[in-house]
Amino acid sequence: MIIAIDGPAASGKGTLSRRLADWYHIPHLDTGLTFRAVAKSMLDAAIPLDDETQAAKAARNIDLSRLDKAVLSDHAIGEAASRIAVMPGVRKALLDIQRKFANQPGGAVLDGRDIGTVVCPKADAKLYVTASPVARARRRTDEITERGGTASFNTILEDVRKRDERDSFRSVAPLRPAEDAHLLDTTELDIETAFQEAVDLIERALKS
Ligand code: C5P
């Protein structure tokens, strides 16, 4: 069983995907972390982010067992990730790794921007999780302050909007709902209600 979860930054798709993977007892891959890992290796090696050859090489060397969410969650790494994510060479290398993960026996939950449209177009259930930019910026700001960092809501809101635009208007694998995806707007939902709705939508998709 393959469950594809897509949506913009801070829509709640990551938390939902982890809960769904627990619920269905299948492994989960946050594909955003794969783009973040490529961006971090470029930043660490002081390689310019527009060097596609080096970025594609870094993408081919990503080791899924070594993705450290705590380290990769940094806001600046997310921004850099969305810049290298426009590169076809990077996407091609990561696509192979992501598809292999999806096709393991028993299936998996994958979340990202293009899971239902490109990585797993034949997924058994597809959700497109969204929320208003203001709600997403609020969540991101709270997340950062809860971890002990400092964040300006207005700066984060601007970044969220910029990231949406970059992710939605790139030519390769842009952020958009698959035609057969079920929409889940979490603007007004707490995580528990969002999870229940997600399970209902997936159960319906699996039956049809
Ligand atoms: O989801 P997250 O914020 O961790 O993703 C970081 C960036 O990686 C996104 O802004 C997007 O540009 C890119 N990404 C992507 N395709 C995916 C997952 C993430 O292009 N499937």
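Structure shown above.
Residues numbered from 1 in each chain as written. Predicted model: local features only at pLDDT ≥ 70, side-chain atom pairs only at ≥ 80, totals over all residues. Heavy atoms only, no water.

Draft legend 1. The overall build of the protein, seen in detail. The helix and strand tally for the protein stands at 10 helices and 5 strands. Computed over the C-alpha atoms, the radius of gyration of the protein is 16 Å, within 12% of the 17 Å expected from 2.2 N^0.38 for a compact globule of 208 residues. Across the 208 residues in the protein, those meeting the buried criterion constitute 49%. Relative to all contacts within the protein whose residues are 6 or more apart in sequence, the contacts with residues 24 or more apart total 78%. (Helix = DSSP H or I, 4+ residues; strand = E, 2+ residues; numbered from the N terminus. Rg over C-alpha atoms; globule rule 2.2 N^0.38 Å. Buried < 20%, exposed > 50% of the residue type's maximum accessible area, 1.4 Å probe, protein only. Contact = heavy atoms within 4.5 Å.)

Draft legend 2. Quick look at the pairing of strand E4 (residues 125-130). In terms of residue burial, E4 counts as a mostly covered element, since 5 of its 6 residues are buried. Bridge analysis of strand E1 (residues 2-6) against E4 gives 4 bridges, and the strand direction is parallel. Residue pairing across strands places Ala4 opposite Lys126, the latter belonging to E4. The sheet contact formed by E4 and strand E5 (residues 182-185) spans 4 bridges and is parallel. Across the sheet, residue Leu127 finds its bridge partner in E5, namely His182. (Pairing = 2+ DSSP bridges.)

Draft legend 3. Region of interest: the packing of helix H3 (residues 52-60) against helix H6 (residues 88-102). With their axes 8 Å apart at the nearest point, H3 and H6 run at an angle of 5 degrees to one another. One element, H3, and the other, H6, form an angle in the roughly parallel class. Counting all contacts with H3, which are made through Glu52, Ala55, Ala56, Ala59 and Arg60, the residues of H6 involved are Pro88, Gly89, Val90, Ala93, Leu94 and Ile97. In terms of residue class, the contact of H3 with H6 is made up of 8 nonpolar, 1 polar and 2 charged. (Axes fitted to C-alpha atoms, helices over the stretch in contact; angles between N-to-C directions. Parallel < 35°, antiparallel > 145°, perpendicular 65-115°, else oblique. Nonpolar A, V, L, I, M, F, W, Y, C, P; charged D, E, K, R; others polar.)

Draft legend 4. The arrangement of the site of the ligand in detail. What surrounds the ligand is a group of 15 residues, the closest being Arg36, Arg91, Arg113, Arg163 and Asp167. Between an oxygen atom of the ligand and a side-chain N or O atom of Arg36, the distance comes to 2.6 Å. Taking Asp114, its side chain carries an N or O atom lying 2.9 Å from a nitrogen atom of the ligand. Protein chains shield 97% of the accessible area of the ligand, which is 460 Å² for the free molecule. Applying the majority rule of atoms within 2 Å of the grid points places the ligand in the largest pocket. Secondary structure elements with two or more residues in the shell around the ligand: helix H2 (31-44), helix H5 (75-84) and helix H9 (153-169). Here the shell around the ligand gets 4 residues from one element, more than from any other, and that element is H2. (Near = heavy atom within 4 Å. Polar contact = N/O pair within 3.5 Å; in protein donor to acceptor, adjacent residues only side chain to side chain. Areas by Shrake-Rupley, 256 points an atom, 1.4 Å probe, with all protein chains shown as cover. 1 Å grid on protein atoms, 1.4 Å probe; cavity = no way out; pocket = protein on both sides within 12 Å on 5 of 7 lines; lining within 4 Å. Sits in = over half its atoms within 2 Å of the grid points.)

Draft legend 5. Expanded view of the pairing of E1. Of all the 5 residues making up E1, 5 are buried; the element is thus mostly covered by neighbouring parts of the structure. Judged by which residues are buried, E1 turns out to be covered on both faces: Ile2, Ala4 and Asp6 on one side and Ile3 and Ile5 on the other are all buried.

Draft legend 6. Spotlight on unusual backbone geometry. Its identity is not glycine, yet His25 carries a phi of approximately 55 degrees, on the positive side. Its place among the elements puts His25 in the loop between helix H1 (13-24) and strand E2 (28-30). In this structure, Ala46 takes a positive phi of about 55 degrees despite not being glycine. Looking at the secondary structure, you find Ala46 in the loop between H2 and H3. Judged by its relative accessible area of 67%, Ala46 falls in the exposed class.

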